[in-house]
Amino acid sequence: MESARANELDVFEYLNYLLTEIPNSDYLHQPEGLEKYLPWSSDLPDRCRLSHNYKKCLK
């Protein structure tokens, strides 16, 4: 969670994304595919990123 915060992610949305997407992925047969779920990945959806317009208190 600290890595998510350090990468300016909304922790709740990031966890929600991980818990809904990873079970549907083929990570057991292709573990390198997990890299797209790491907090510093550019493949994360925008909803996981903090919007500084309304969540300044979390920074």
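The present account deals with the structure reproduced in this document. (Residues numbered from 1 in each chain as written. Predicted model: local features only at pLDDT ≥ 70, side-chain atom pairs only at ≥ 80, totals over all residues. Heavy atoms only, no water.)

Brief notes about unusual backbone geometry
In step 1: Even without being a glycine, Glu-8 presents a positive backbone phi close to 55 degrees.
In step 2: If you trace the backbone, Glu-8 turns up in the loop between helix 1 (2-6) and helix 2 (11-21).
In step 3: The class of Glu-8 is partly exposed, set by a relative accessible area of 33%. (Helix = DSSP H or I, 4+ residues; strand = E, 2+ residues; numbered from the N terminus. Buried < 20%, exposed > 50% of the residue type's maximum accessible area, 1.4 Å probe, protein only.)

Overview of the environment of Ser-51
In step 1: Within the secondary structure, Ser-51 is located in the segment after helix 2.
In step 2: Assessed through its relative accessible area of 24%, Ser-51 is described here as partly exposed.
In step 3: Separated by 41 residues in the primary sequence, Ser-51 and Asp-10 have C-alpha atoms spaced 8.3 Å apart.

Quick notes on helix 2
In step 1: Of the residues making up helix 2, those classed as buried are Val-11, Tyr-14, Tyr-17 and Leu-18. Projected down its long axis, helix 2 carries its buried residues within an arc of 130 degrees, all on one side. Those residues of helix 2 that are exposed and angled more than 90 degrees off the buried face are Phe-12 and Leu-19.
In step 2: Lining the buried residues of helix 2 we find helix 1.
In step 3: Where helix 2 begins, one side-chain oxygen reaches toward the backbone nitrogen of Phe-12, 3.2 Å away; that side chain belongs to Asp-10. (Arc of directions from axis to C-beta. Contact = heavy atoms within 4.5 Å. Polar contact = N/O pair within 3.5 Å; in protein donor to acceptor, adjacent residues only side chain to side chain.)

Considering the pattern of salt bridges
In step 1: Here the structure, examined in full by the defined rule, presents two salt bridges.
In step 2: Residue Glu-2 pairs with Arg-5 through a salt bridge whose shortest N-O separation is 2.6 Å. Linking Glu-2 with Arg-5, this pair stays in helix 1, spanning three residues, or about one helical turn.
In step 3: When its relative accessible area of 57% is taken as the criterion, Glu-2 is described as exposed. (Salt bridge = Lys/Arg side-chain N within 4 Å of Asp/Glu carboxyl O.)

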